[in-house]
Amino acid sequence: MLEIDDLSLSYGPVEAVRGVSLRVPAGQVTAVIGANGAGKSSLLRCVAGLVAPSSGRVTLDGADVTAHAPEALVRRGLVLVPEGRSTIPELTVRDNLDLGGLTRPRAERRETSAEVLDLFPRLAERLHVHASALSGGERQQLAIGRALMSRPRVLLLDEPSLGLAPLIVTQILELVARLARETDLAVLLVEQNAATALRVADDGAVLHLGSVVAAGPAAELAEDEGLRHAYLGY
Amino acid sequence: MNPLEVLVGYLLGGVANGAVIALIALALVLTWRSSRVINFAQVGQAMFTSFIALSVQQATGLWWLAAGAVLGLVVYLLTLRPIRRSDSSGAIIATFGILIALQAGAAMIWGGDLVAFPQPFPASGIETGDRVWPISIYDLVVLGVAAALVLGLSLFLTRTGIGLAMRASAFQPEVVRLSGIDVRKTLALGWALAGIVGSLAGVLIAPISSLSPNSFDLLLILAFTAAVIGGLDSLVGAVMFGLGTGLLLSVVTGYSSAEDAPLAALILLALNLLLKPGGVFARPGARDV
């Protein structure tokens, strides 16, 4: 389980994340939703070790991993799929996937690769194609597939819906939710598309100007009309 | 001799020079592929390690190889690592500074005069019956070493995990970090490998030219020309056009004079930039920084 305790992050005088506390249990999807500029991506980048927090703690299965380097966190089972379909266009699909599994032994990499390709059969058909030639949805699948290659215990997903058709978003997020349940994966999903995120998530938190203004079961947050009007815009 | 035999003679005479130009071009491509930086200090490193090789030649024939890797690492640590956060043009300019420092350092340690480097293999033309060919055993060794290096490096970059991490680090270091790889180590390895290749080129050319702090300057221009024409990203392109540049220089020298040879290389570079600015073997976008 991933626990975020009173985490704050500042960029100079600007406080992007203010005292955020969250629990991300294994086997569940926890959604962090909020408008553009609410601090969602900053929160994920801080948890993933790409930026150091100004205060607070991040623990992974009880161990303090605050401000650990991203490469060290990957080896401990925490992986971020950053915003913008983080694939390497100049490499093939095969190479992109292999890159994600480089921290694992070669034999295990082959086994995981087969599992990932079962999960995303479209990638299996395009293994030797450069990632630049993939559609937006395929590239998002590849980004998630690359992250899964390291066999994570915690998956951080930053705005996977960005620029994708609603049907593709729903398919990808439902697949992630199924994966979380079936493999005991803890998923922290950051999304601007609140309706879709809350539909697949178990729990949720609403972020506004860097602070959590509401948290609870995703279904309850989705039903809260006041919350929807005030912060979620739908 | 008929005109065709003369031409073949000139071409064969350019093989060793071409192979060495190819190796330096290969080293330039390696640093480019791992970090998107052209290391203009490469020939300075080759010159410096050749002097070290000369100094320790009686003791052990392998020390220079370690020196090549160490110098590659030192240049990386002095240039790319501190400057990387700004942009790659800063690192490129810093490599010029390192080149000048290495040349000045070599002049202070070994002096500025040309010195002879011992030849490990015969460098005179191969004799068959009463005919002397314009190519030597040494030329063939240089060609063989270059071919083996290209093959080995290609396999390393495309078939190993470290090679994959090196290729990926050049494009999106953050994604590589988020895959659990220490990008600083892969960059350092890329520069160390390039250092080894460059040093090998220096030790191979020194016996058939001679050695001084500035004796490889022209080599840099020629290797840069070959790497650019090859597409900067392509090992095969660097080697093909490195060899081609060597052959062209030999032909121009033969028909005209040695003074005209660099001009021919520059005309080739200008034509390439006019007709195919991305390089012959480059994929679209491969040269974007």
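Everything below is about the structure printed above this text.
Residues numbered from 1 in each chain as written. Chains lettered and ligands numbered in written order. Predicted model: local features only at pLDDT ≥ 70, side-chain atom pairs only at ≥ 80, totals over all residues. Heavy atoms only, no water.

S.K.: I'd love a proper account of the overall build of chain A, names of residues and values included.
M.R.: Each helix and strand in chain A was counted, giving 10 helices and 10 strands. A globule of 234 residues ought to have a C-alpha radius of gyration of about 17 Å, and chain A, at 17 Å, matches this closely. Its C-alpha atoms put chain A at 45 × 35 × 35 Å along the principal axes. Looking at the 234 residues of chain A, the share that counts as buried comes to 56%. (Helix = DSSP H or I, 4+ residues; strand = E, 2+ residues; numbered from the N terminus. Rg over C-alpha atoms; globule rule 2.2 N^0.38 Å. Buried < 20%, exposed > 50% of the residue type's maximum accessible area, 1.4 Å probe, protein only.)

S.K.: Go over the sheet that holds strand β7 (residues 154–158) of chain A, please, and point to the residues and values.
M.R.: Residue and element names in this part refer to chain A. Taken in spatial order, the six strands make up an open sheet running β6-β7-β8-β3-β9-β10, and their pairing is mixed. If you trace the sheet from one side to the other, it starts and ends with β6 (78–81) and β10 (211–217), each paired once. The mean inter-strand angle of the sheet, taken between neighbouring strand axes irrespective of direction, is 15°. (Pairing = 2+ DSSP bridges. Axes fitted to C-alpha atoms, helices over the stretch in contact; angles between N-to-C directions.)

S.K.: Tell me about the environment of G163 of chain A, and name the residues and values.
M.R.: Residue and element names in this part refer to chain A. Relative to the helices and strands, G163 is located in the loop between β7 and α7 (166–183). A relative accessible area of 75% means that G163 is categorised as exposed. C-alpha of G163 to C-alpha of G84: the two residues are 79 residues apart in sequence and 8.6 Å apart in space.

S.K.: Break down the interface of chain B and chain A for me, citing the residues and quoting the values.
M.R.: Between chain B and chain A, the contact holds 18 residues from the first and 25 residues from the second. Of the roughly 1900 Å² buried between chain B and chain A on both sides combined, carbon and sulfur atoms contribute 62%. Considering only the surface of chain B that becomes buried against chain A, L164, R177 and L178 of chain B emerge as the three largest contributors, covering 32% of it. Linking chain B with chain A are three salt bridges. Where chain B meets chain A, there are six residue pairs in polar contact (both at pLDDT 80 or more). Those elements giving two or more residues to the side of chain B that touches chain A turn out to be α8 (161–171) and α9 (173–177) of chain B. Ranked by the residues each element gives to the side of chain B that touches chain A, the list is headed by α8 of chain B, at six residues. (Contact = heavy atoms within 4.5 Å. Buried area = accessible area lost by both parts, 1.4 Å probe. Salt bridge = Lys/Arg side-chain N within 4 Å of Asp/Glu carboxyl O. Polar contact = N/O pair within 3.5 Å; in protein donor to acceptor, adjacent residues only side chain to side chain.)

S.K.: Any chance you could break down the sheet that holds strand β4 (residues 55–60) of chain A for me, citing the residues and the numbers?
M.R.: Residues and elements named next belong to chain A. A sheet is described by the order of its strands in space; here four strands give the open sequence β2-β1-β4-β5, paired in antiparallel fashion. The sheet is open, and its two borders are formed by β2 (14–24) and β5 (63–64), each paired with just one other strand. Examined bridge by bridge, strand β1 (residues 2–11) and β4 share five bridges and lie antiparallel to one another. Pairing of D5 across the sheet is with R57, part of β4.

S.K.: Tell me about the pairing of β6 of chain A, and name the residues and values.
M.R.: Residues and elements named next belong to chain A. Side chains of β6 alternate between two faces, with L78 and L80 and V79 and V81 buried alike. Direction of pairing for β6 relative to β7: parallel, over a ladder of four bridges. Paired with V79 across the bridge in β7 is L155.

S.K.: How would you sum up the nonpolar core? Please name residues and give values.
M.R.: Counting 79 residues, the largest nonpolar core has L99 of chain A together with L23, L26, V197, F216 and L219 of chain B as its most contacted members. Top contributing element to this core by residue count: helix α2 (residues 15–35) of chain B, with 13 residues. With near-sequence residues (within four places) excluded, F216 of chain B lies in contact with V43, A46, M47, S50, G202, I205, S210 and L211 of chain B. Membership of the second largest hydrophobic core comes to 46 residues, among which are A31, V116, A201 and A222 of chain A. (Core = buried A, V, L, I, M, F, W, Y, C linked by side-chain atoms within 4.5 Å.)

S.K.: So what's going on with helix α4 (residues 106–119) of chain A? Which residues, and what values?
M.R.: Residues and elements named next belong to chain A. The first and last C-alpha atoms of α4 sit 20 Å apart over 14 residues, in line with the 20 Å expected at 1.5 Å per residue. Taken residue by residue, α4 has R109, T112, S113, V116 and L117 as its buried positions. Projection of α4 onto a plane perpendicular to its axis shows the buried side chains occupying an angular sector of 135°, all on one side. Facing away from the buried side of α4 by over 90 degrees, the exposed positions are A107, R110 and D118. Packing partners of the buried residues in α4 comprise α3 (93–100), α5 (121–125) and α6 (136–148). (Expected span 1.5 Å × (residues − 1). Arc of directions from axis to C-beta.)

By themselves, these observations are geometric and do not establish any function.
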